[in-house]
Amino acid sequence: MPDNENPEWNEKTLPPKDLPLEAFIHGAASVDRGHGFRVGEIVGIIADLAGITSLDRDKLKMAGTMHDAGKILIPAEILQAPRSLTADERKTVQKHPLLGLAITQWYNHDFCQEIRDAMLMHHERWDGTGYPFGLKGEEIPLLVRIVTLADTIDAIASRRDYKAPWKADFVLTFLKHESGKIYDPALAKVCIDNLDKVLEPVKNCKFSQ
């Protein structure tokens, strides 16, 4: 979906506390040309390919869909800047996990722990160099590790205002290089071995190309 299609929550402000849940989810998932919607599909594909049965698929999908909710509060001139960000701008963007958590506490709905974890921790890295906590390896919840992979795959394979979509072979090379660094190596291998299937939500979305 395109950014800010929902007129009830599109001004880079906190949503109304009584905003219908469907509209709240739509507003959060619409950032970056519908990024959240695609991530919500990709996470299920990764989990299925990996044979993971321990995660509730509805919670996993919602976690993927909602993970970037905090970006609704980041200025568009930063998110959509057609250039490299300054150090201060990068610090602003890195606030979005905490902003997402704050939004869920403000909004009049109880979100499950899995969704809050995904919002807060999807920029943690397998090697411990991520943020906001610097968690390492299996300290990062399995659900979050899946969201992190899906988040990156859609971000690099989709068109953004500041970049063209990466071709599949570049995505493949990137995943191989960052396996064991950013990503859980076992999950990264699943994506590497099945990249065409993992990329289907990106290829099938008109807003991503």
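No experiment lies behind these values; they were computed from the predicted model shown.

Scoring rules and cut-offs
Residue numbers run consecutively from 1 along every chain, following the written order of its sequence. Totals for whole chains, interfaces and linings use all residues, but because this is a predicted model, local features are given only for residues with pLDDT of at least 70 and pairs of side-chain atoms are given and counted only at 80 or more. With hydrogens and water excluded, all non-hydrogen atoms of the structure serve as input to the side-chain values. Interaxial angles span 0 to 180 degrees and are taken between N-to-C directions of axes, which are lines fitted to C-alpha atoms, for helices over the stretch in contact. Numbering of helices and strands starts at the N terminus; helices are DSSP runs of H or I of at least 4 residues and strands are runs of E of at least 2. Put simply, a crossing is left-handed when the front helix is turned counterclockwise from the back one by less than a right angle, and right-handed when it is turned clockwise. When checking whether two residues touch, look at their non-hydrogen atoms; a contact exists if any pair is within 4.5 Å. Put simply, Ala, Val, Leu, Ile, Met, Phe, Trp, Tyr, Cys and Pro go in the nonpolar bin, Asp, Glu, Lys and Arg in the charged bin, and everything else, Gly too, in the polar bin. Here a pair means two rings of Phe, Tyr or Trp (six-membered ring of Trp) with centres within 6.5 Å. Their orientation is stacked below 30 degrees between planes, edge-to-face above 60, and tilted elsewhere. The classification of residues rests on relative accessible area computed with a 1.4 Å probe and restricted to protein chains. Under 20% of the type maximum is buried, over 50% is exposed, and intermediate values are partly exposed. Cation placement over rings: the criterion is NZ of Lys or CZ of Arg within 6 Å of the ring centroid and within 35° of the ring normal. The definitions used throughout rest on a 1 Å grid laid over the protein atoms alone, on which a cavity is an enclosed set of points accommodating a 1.4 Å probe that cannot get out and a pocket is an open set flanked by protein within 12 Å on both sides along at least five of seven lines; lining residues are those having an atom within 4 Å of a point. Grid points are joined across faces, edges and corners, and a volume is the space filled by probe spheres set on the points. For this analysis, a nonpolar core means a set of buried residues of the types Ala, Val, Leu, Ile, Met, Phe, Trp, Tyr and Cys, connected via side-chain atoms within 4.5 Å.

Novice: What exactly am I supposed to notice about the packing of helix α3 (residues 57-66) against helix α7 (residues 113-121) here?
Specialist: Helices that pack against each other are described as a pair by the angle of their axes relative to one another and the distance between those axes. The geometry of α3 relative to α7 is characterised by a closest axis approach of 8 Å and an angle of 35° between their N-to-C directions. Where α3 crosses over α7, the two elements pack in a sense that is right-handed. Residues Lys 59, Met 62, Ala 63 and Met 66 of α3 form the contact with α7, whose own contacting residues are Glu 114, Ile 115, Ala 118 and Met 119. Its residues assigned to classes, the contact of α3 with α7 shows 6 nonpolar, no polar and 2 charged.

Novice: Even after reading the chapter, I still don't get the packing of aromatic side chains, so can you show me in this structure?
Specialist: Pairs of aromatic rings are described using the distance from one ring centre to the other and the angle between the two planes. Per the stated rule, a full pass over the model turns up 5 aromatic pairs. With a centroid separation of 4.1 Å and an interplanar angle of 10°, the aromatic rings of Phe 24 and Tyr 107 are classed as stacked. Pair noted here: Phe 24 is in helix α1 (residues 21-29) and Tyr 107 is in the loop between α6 (96-106) and α7, with a separation of 83 residues, a long-range link. Judged on exposure class, the residue Phe 24 and its partner Tyr 107 are both buried. Ring geometry for Trp 166 and Phe 174: centres 5.7 Å apart, planes at 85°, overall edge-to-face. On the basis of relative accessibility, which here comes to 35%, the residue Trp 166 falls in the partly exposed class. In this structure an aromatic cluster arises from ring pairing among Phe 24, Tyr 107 and Phe 111. Lying across the ring of Trp 106, Lys 17 places its NZ or CZ 4.5 Å from the centre.

Novice: Would you take a moment to explain the side chain of Glu 89 for this structure?
Specialist: In this fold, Glu 89 is placed in helix α5 (residues 87-93). For Glu 89, a relative accessible area of 14% puts it in the buried group. With near-sequence residues (within four places) excluded, Glu 89 lies in contact with Ile 78 and Arg 83.

Novice: What am I meant to see in the environment of Arg 160 here?
Specialist: In this fold, Arg 160 is placed in the loop between α8 (142-157) and α9 (168-178). Each C-alpha atom of the pair Arg 160 and Ala 29 lies 15 Å from the other, and the pair is 131 residues apart in sequence. Sequence-distant contacts of Arg 160, that is, excluding residues within four places in its chain, are made with Asp 32, Arg 33, His 35, Asp 154 and Ala 155.

Novice: Looking at this structure, how should I read the environment of Leu 199?
Specialist: Relative to the elements of secondary structure, Leu 199 occurs in the loop between α11 (195-198) and α12 (200-203). Residues in contact with Leu 199, not counting those within four places in the same chain, are Ile 153, Ala 157 and Ala 168.

Novice: In this structure, what is going on with empty space enclosed by the protein? I would like to understand it.
Specialist: Empty space among the atoms becomes apparent when a probe as large as a water molecule is rolled across them. Taken as a whole, this structure holds 2 cavities of 30 Å³ or more when the rule is applied. Quantified by volume, the second largest cavity comes out at close to 60 Å³. Glu 124, Arg 125, Trp 126, Ile 140, Arg 145, Thr 148, Leu 149, Ile 182, Tyr 183 and Asp 184 are the residues that line the second largest cavity. Along the lines of polarity and charge, the residues of the lining of the second largest cavity split into 5 nonpolar, 1 polar and 4 charged.

Novice: What should I look at first to understand the nonpolar core in this one?
Specialist: Across soluble globular proteins, nonpolar side chains show a tendency to be buried alongside one another. The biggest cluster of nonpolar side chains holds 54 residues, and the ones touching the most others in it are Phe 24, Ile 46, Met 66, Leu 143, Ile 146, Leu 149 and Leu 175. Top contributing element to this core by residue count: α8, with 9 residues. If sequence neighbours within four positions are ignored, Ile 146 has contacts with Val 43, Ile 46, Ala 47, Ile 52, Leu 55, Leu 60 and Leu 187.

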